[in-house]
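The residues making up each chain are set out below.
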Amino acid sequence: MRVGLTLSGDNLSEDGAMFAAQLGVTDVVVHFNDYAAGPDAEPYLRGDSVGPILKDCHGAPLWDYERMAAAAAMLARHGLRIAALENFSPAFWSDILLDGPNRATQMDGLKQLVRDAGRVGIPIIGYNFSIAGVWGWRKRRAARGGAMTVVMNLTKEERDTPIPDGMVWNMRYRDGDPAAAPVTVGEAELWERFAWFLAELVPVAEEAGVRLAAHPDDPPVETLRGTARLVNRPEKYDRLLALEPSSANALEFCIGSLQEMPGCDIYESTRHYARRKALAYVHFRNVRGSVPNYVETFIDDGDVDMTEIVRILRDEGFEGVLVPDHVPDLTCAAPWHAGHAYTVGYMKALIGLAPMLGPSWSAAQSRREKVGTPRTISVPTHNRGFNN
């Protein structure tokens, strides 16, 4: 296992690469999307409304070999390598998601993008097959010590707010038509669109030596903004993998998003998919609560015993990258940097100690439950730390 860092926006730069190198990581997940706040985001940024509301991506050029190779070369100057490229621009696949008239043309573009990624040596492309994307966040000082973080507490009205025409994933990819009907899609139709996406792209990824890694829904609700969700229960990952059985059809495994799913046993889910060798990389994130009410926490302050997650990954032979995800901001001059430095340090300590950590308590508990013997170990309500 290796600890990585995600760089996007202004942080995907020489300064960001220096920061990653100084933290002692060698693997970087890169984002080429610009996630800066859009023109209507001020109420969200003030904490008065839900979001996020992101910038336009009108006319974004397809990411090509030159763009990827330049990023790889910049990172290599600091002793870093690209572990994954994460999230397609909505401009590249809006009609794939919406079953629009340019679906085939956009798929040709994605195929070229995957081939170029393979040429550069990018081993993984993470994606989230979702129309509404991440929606429903509120910014609140709700993490430990009053740190700014994301809180989920959607009202029905907010959950059902239609997606504006010309937008997917909270990003505008073309001008909207005020007279257009709201976007709606049911679960069966969404899975049909997704099956076509995989059938077209997985063979190309296999040839290119690239793994396509699917992120679960965040938030994992049944419907959002009039659209169905794809992976809002852990077992739906099995359905996803069965559509195209291939090492190129894999998972961007988000601990936080899975823990947010009602009834999810995060330890059994992690063990199940790690044992299947389906994990391309891991978003190492903690959370308190589950849908419809939860708070994103510091890595050591949520409901998940992250030490146990590392034990499970160790026992199942996972050799990939873990990256921080949605880290609360520390109150200081550099909130993002401080939050990620704390998280990476915690993760590096866990990974470094992995060979010395004791046996998995959740595996022992599972064995006891299967044979019907009394339980002597209970699922924690808080993080157990290093000494268990």
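Residues numbered from 1 in each chain as written. Predicted model: local features only at pLDDT ≥ 70, side-chain atom pairs only at ≥ 80, totals over all residues. Heavy atoms only, no water.

**Some thoughts on the pairing of strand β5 (residues 137–143)**
Across a regular strand the side chains alternate sides, sitting on one face of the sheet and then on the other.
Move 1: Summarising the sheet, β5 and strand β6 (residues 147–153) pair through five bridges and their orientation is antiparallel. In the strand pairing of β6, Arg140 is matched with Thr149.
Move 2: The turn joining β5 and β6, which pair antiparallel and follow one another in sequence, is formed by three residues; a positive phi near 70 degrees is taken by Gly145. (Pairing = 2+ DSSP bridges. Helix = DSSP H or I, 4+ residues; strand = E, 2+ residues; numbered from the N terminus.)

**A short note on helix α8 (residues 236–243)**
Move 1: Along α8, the residues classified as buried are Lys236, Tyr237, Leu240 and Leu241. Across the axial projection of α8, the buried residues extend over an arc of 145 degrees, all falling on one side.
Move 2: Lining the buried residues of α8 we find α7 (187–208), β9 (211–214), β12 (249–254), α9 (255–259) and α10 (266–275). (Buried < 20%, exposed > 50% of the residue type's maximum accessible area, 1.4 Å probe, protein only. Arc of directions from axis to C-beta. Contact = heavy atoms within 4.5 Å.)

**Some words on the environment of Glu308**
Move 1: If you trace the backbone, Glu308 turns up in helix α11 (residues 306–315).
Move 2: In this structure the C-alpha to C-alpha distance between Glu308 and Val231, which are 77 residues apart in sequence, comes to 24 Å.
Move 3: What Glu308 contacts, discounting residues up to four positions off in sequence, is Tyr267, Arg271, Ser360, Trp361, Ser362 and Ala363.
Move 4: Side chain to side chain, Glu308 and Ser360 meet in a polar contact 2.5 Å long. (Polar contact = N/O pair within 3.5 Å; in protein donor to acceptor, adjacent residues only side chain to side chain.)

**Comments concerning the side chain of Thr297**
Move 1: By the secondary structure assignment, Thr297 is in the loop between β15 (293–296) and α11.
Move 2: Accessibility expressed as a relative area gives 4% for Thr297, which makes it buried.
Move 3: Within the structure, Thr297 has its side chain in polar contact with the backbone nitrogen of Gly302 (distance 3.4 Å).
Move 4: Look past the residues within four positions of Thr297 in its chain and what remains in contact with it is Asn286, Val287, Arg288, Gly302 and Pro328.

**Section: unusual backbone geometry**
Move 1: Residue Pro219 follows Asp218 across a cis peptide bond; omega there is 0 degrees.
Move 2: Relative to the assigned elements, Pro219 resides in the loop between β9 and β10 (223–224).
Move 3: Backbone torsion omega between Val291 and Pro292 reads 10 degrees, so that peptide bond is classified as cis.
Move 4: Positionally, Pro292 belongs in the loop between β14 (287–290) and β15.
Move 5: Its identity is not glycine, yet Asn87 carries a phi of approximately 75 degrees, on the positive side.
Move 6: Secondary-structure assignment places Asn87 in the loop between β3 (81–86) and α4 (90–98).

**Focus on the packing of aromatic side chains**
Move 1: Within the structure shown, the criterion is met by 18 aromatic pairs.
Move 2: Considering the side-chain rings of Trp63 and Phe92, the 4.8 Å spacing of their centres and the 80 degrees angle between planes classify their relative orientation as edge-to-face. With Trp63 in the loop between α2 (42–46) and α3 (65–76) and Phe92 in helix α4, this pair connects stretches of sequence that are 29 residues apart.
Move 3: Here Trp63 falls in the buried class, since its relative accessible area comes to 4%.
Move 4: For the cation-ring pair, Arg67 lies above Phe32, with the distance from its terminal atom to the ring centre recorded as 4.4 Å.
Move 5: Positioned above the aromatic ring of Trp196 is the side chain of Arg103, whose terminal nitrogen or guanidinium carbon lies 3.7 Å from the ring centre. (Phe/Tyr/Trp six-rings, centres within 6.5 Å; stacked < 30°, edge-to-face > 60°. Lys NZ or Arg CZ within 6 Å of the ring centre and 35° of its normal.)

**Focus on the pattern of salt bridges**
Move 1: Evaluated as defined, the whole model comprises 25 salt bridges.
Move 2: Across the pair Glu268 and Arg271 runs a salt bridge whose closest N-O atoms are separated by 2.8 Å. Of the two residues, Glu268 and Arg271 are both situated in helix α10; the distance of three residues between them amounts to about one turn of the helix.
Move 3: Given a relative accessible area of 30%, Glu268 falls into the partly exposed group.
Move 4: A residue is classified by how much of its surface remains accessible, and Arg271, at 8% relative accessible area, is buried.
Move 5: Its salt-bridge partner being Arg285, residue Asp325 comes within 3.0 Å of it at the nearest N-O pair. Here Arg285 lies in the loop between β13 (279–284) and β14 and Asp325 lies in the loop between β16 (321–324) and α12 (335–353), a separation of 40 residues in the sequence. By the burial criterion, Asp325 is buried, and Arg285 matches it. (Salt bridge = Lys/Arg side-chain N within 4 Å of Asp/Glu carboxyl O.)

This is a description of form; function is not addressed.
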